[in-house]
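Each chain is listed here by its residues.
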Amino acid sequence: MNRIETILNELTEITKNPTKAVEDFTKKTGKGAVGVMPVYAPEEIIHAAGYLPVGIWGGQGSIKKARTYLPPFACSIMQSVMEKQIEGAYDNLKAVLISVPCDTLKCISQKWKGTSPTITFTHPQNRKIEGANKFLVEEFKIIKNKLETILDLEITDEAIEKSIEIYNENRNVTREFVKIAAEYPHVIDPINRHAVVKSRYFMEKAQHTALVRELNEEITKIEKKEWKGKKVVLTGITAEPDELLEIFKEYDIAIAADDLAQESKQFRIDVPEGDDPLYRLAKWWQEFDGCSLATNVDKPRGQMLIDMVKENNADAVIICMMKFCDPEEFDYPIYYQQLQDASISNIYIEIDQETTSFEQIRTRINSFSEMLQDIV
Ligand code: SF4
């Protein structure tokens, strides 16, 4: 097994068994993990406390008990998170951080069924005014104070500054990886690509950075090959599970870039420079754009997708629509029209964490890839 395979296997194992990742971290550091609910949160504050921020993204499986607390039309990912909460999957976390940019998350923050204490905060939606930064700094101070109480320690500004630097370095190296993955689709398939990106939710960021940097170096030693298949840009919340990514692989569809909340949107931009670490984290939210959860009345997402397609020589956009996600469904008609006007091929597929059969999606992707073959 060469070094590339070894690193990919290691990162894949971590994404498959986050509980073990938390146990290993706890054993090594004597500390523990703090859960971070989708989608955006100032993880750096948790990291600065010496604890492991762990992403909570649900997982594939049938929904039974969650129906007692959530209506059937709540989004698929939160149905799954609720099911796992009831099963106690998150009870090993010292606390859980919840931002509430949509109705479902507001509901989840009030109905948390796990035993870990929750810390709820709000991302302001009138984001482009200075008042939004001031408001968010106050929200982050509350998070910091609550974490200090729960974890019984002090989180200093110096430690947050250091964590921001570690996170920015990780953002940079992961951005580099997704670019390299697009240039080497014969080496990095959609499943491996997803594992490398997702593993950052369960690893101490400096450790993830070191492994991904080494991976980047190893891949770029290989000669590039012409890709005979098609290349796409993914947009949405997530493109899980692996069964879906397997279908892309089966039809020689490579990921040229992504616009997924679980993936590139997390590291598309750095936390900006500045003097006050909490203000820097707040500014990130102001400067960030192109997500249904970060209101911008100018609706830049469509143009951002068009630019992404052009810059990465992609053939199409695949819209990975989380089932019953209102914010994503509201954004869709606007950017769909922009993609149509720019003559960019696109297809809408539904992401459902309860699905066990992927035949319908396979048929649609098969026809879509055949249609793309006809467009030269
Ligand atoms: S943003 Fe969408 S996917 Fe995420 S919790 Fe809200 S409704 Fe669900």
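The structure we're discussing is the one just above.
The structure reproduced in this document is the subject of the present report.

Calculation rules
Along each chain, the written sequence defines residue order, and numbers are assigned to residues from 1. Residue-level local features of this predicted model are given only where pLDDT is at least 70; pairs of side-chain atoms are given and counted only at 80 or more, and the full residue set underlies all totals for whole chains, interfaces and linings. Numbering of helices and strands runs from the N terminus, with a helix taken as a DSSP run of H or I at least four residues long and a strand as a DSSP run of E at least two residues long. Atoms counted for the radius of gyration: C-alpha only. Globule rule: 2.2 Å times residue count to the power 0.38. Neighbour density around each residue's C-beta defines its exposure: 20 or more other C-beta atoms within 10 Å make it buried, 12 or fewer make it exposed, and counts between make it partly exposed, where C-beta atoms are placed from the backbone. Contacts here follow a simple rule: the backbone-placed C-beta atoms of the two residues must lie within 7 Å. One requirement defines pairing of two strands: DSSP has to find at least two bridges between them. Where helices are involved, their axes are fitted lines through C-alpha atoms of the stretch in contact, as for all axes, and angles between N-to-C directions lie from 0 to 180°. Put simply, a crossing is left-handed when the front helix is turned counterclockwise from the back one by less than a right angle, and right-handed when it is turned clockwise. In this classification, the charged set is Asp, Glu, Lys and Arg, the nonpolar set is Ala, Val, Leu, Ile, Met, Phe, Trp, Tyr, Cys and Pro, and all remaining amino acids, among them Gly, are polar. We call a residue near a molecule or strand if the C-beta atom, set from the backbone, is within 6 Å of it. Should an angle fall under 35 degrees it is taken as roughly parallel, and over 145 as roughly antiparallel, whereas 65 to 115 is taken as roughly perpendicular and any remaining angle as oblique.

This brings us to the overall build of the protein chain. Within the protein chain, the regular secondary structure consists of 15 helices and eight strands. Scaling as 2.2 N^0.38, a compact globule of 376 residues should have a C-alpha radius of gyration of about 21 Å, and the protein chain matches this with 20 Å. On the principal axes, the C-alpha backbone points of the protein chain span a range of 60 × 45 × 45 Å. The burial tally for the protein chain puts 44% of its 376 residues in the buried class. Partitioning the contacts of the protein chain with sequence separation of at least 6, the portion at a separation of at least 24 is 72%.

Looking now at the sheet that holds strand E2 (residues 52–55). Taken in spatial order, the four strands make up an open sheet running E2-E1-E3-E4, and their pairing is parallel. Among the strands making up the open sheet, the edge pair consists of E2 and strand E4 (118–121). In this sheet, adjacent strand axes meet at a mean angle of 25° when their direction is disregarded. Here four bridges tie strand E3 (residues 96–99) to E4, and the two strands are oriented parallel to one another. By the bridge assignment, Val-96 is partnered in E4 with Thr-118. Packed on one face of the sheet, helix H5 (residues 103–110) meets E3 and E4 and runs near 145° to E3.

Moving on to unusual backbone geometry. In this model, Pro-38 is joined to Val-39 through a cis peptide bond whose omega is 10°. For Val-39, the position within the fold is in the loop between strand E1 (33–36) and helix H3 (43–48). The omega angle of the peptide bond from Glu-240 to Pro-241 is 0°, so this bond is cis rather than trans. Inspection of the secondary structure puts Pro-241 in the loop between strand E5 (230–236) and helix H10 (242–250). Unlike most non-glycine residues, Asn-313 shows phi in positive territory, near 50°. When you line up the elements, Asn-313 lands in the loop between helix H13 (301–311) and strand E7 (316–322). For Phe-324, which is not a glycine, the phi torsion comes out positive at approximately 65°.

Turning next to the packing of helix H1 (residues 3–16) against helix H9 (residues 205–220). Two packed helices can be described by the angle between their axes and the distance between those axes. Running from N to C, H1 and H9 cross one another at 145°; their axes reach a closest spacing of 9 Å. In the crossing of H1 with H9, the sense of the turn from one axis to the other is left-handed. Residue-level contacts link Arg-3, Ile-4, Ile-7, Glu-10 and Leu-11 of H1 to Leu-211, Glu-214, Leu-215, Glu-218 and Ile-219 of H9. Taken together, the residues of the contact of H1 with H9 break down into six nonpolar, no polar and four charged.

Our next topic: the site of the ligand. Taken together, 14 residues lie around the ligand, and Cys-75, Cys-102, Thr-104, Met-322 and Cys-325 are the ones closest in. Broken down by secondary-structure element, the contributors of at least two residues to the shell around the ligand are helix H4 (76–86), H5 and helix H14 (326–341). Of the residues that constitute the shell around the ligand, the class distribution is 11 nonpolar, one polar and two charged.

In contact at an axis separation of 9 Å, helix H7 (residues 157–183) and H9 are set at 30° when each is read in the N-to-C sense. The orientation of H7 with respect to H9, classified from their angle, is roughly parallel. In this structure, the crossing between H7 and H9 has a hand that is left-handed. Of the residues in H9, those in contact with Ile-166, Tyr-167, Glu-169, Asn-170, Val-173, Thr-174, Glu-176, Phe-177 and Ile-180 of H7 are Lys-205, Ala-206, His-208, Thr-209, Val-212, Arg-213, Leu-215, Asn-216, Ile-219 and Thr-220. For the contact of H7 with H9, the class distribution of residues is nine nonpolar, six polar and four charged.

Interpretation note: all reported values are geometric properties and have no functional meaning in isolation.
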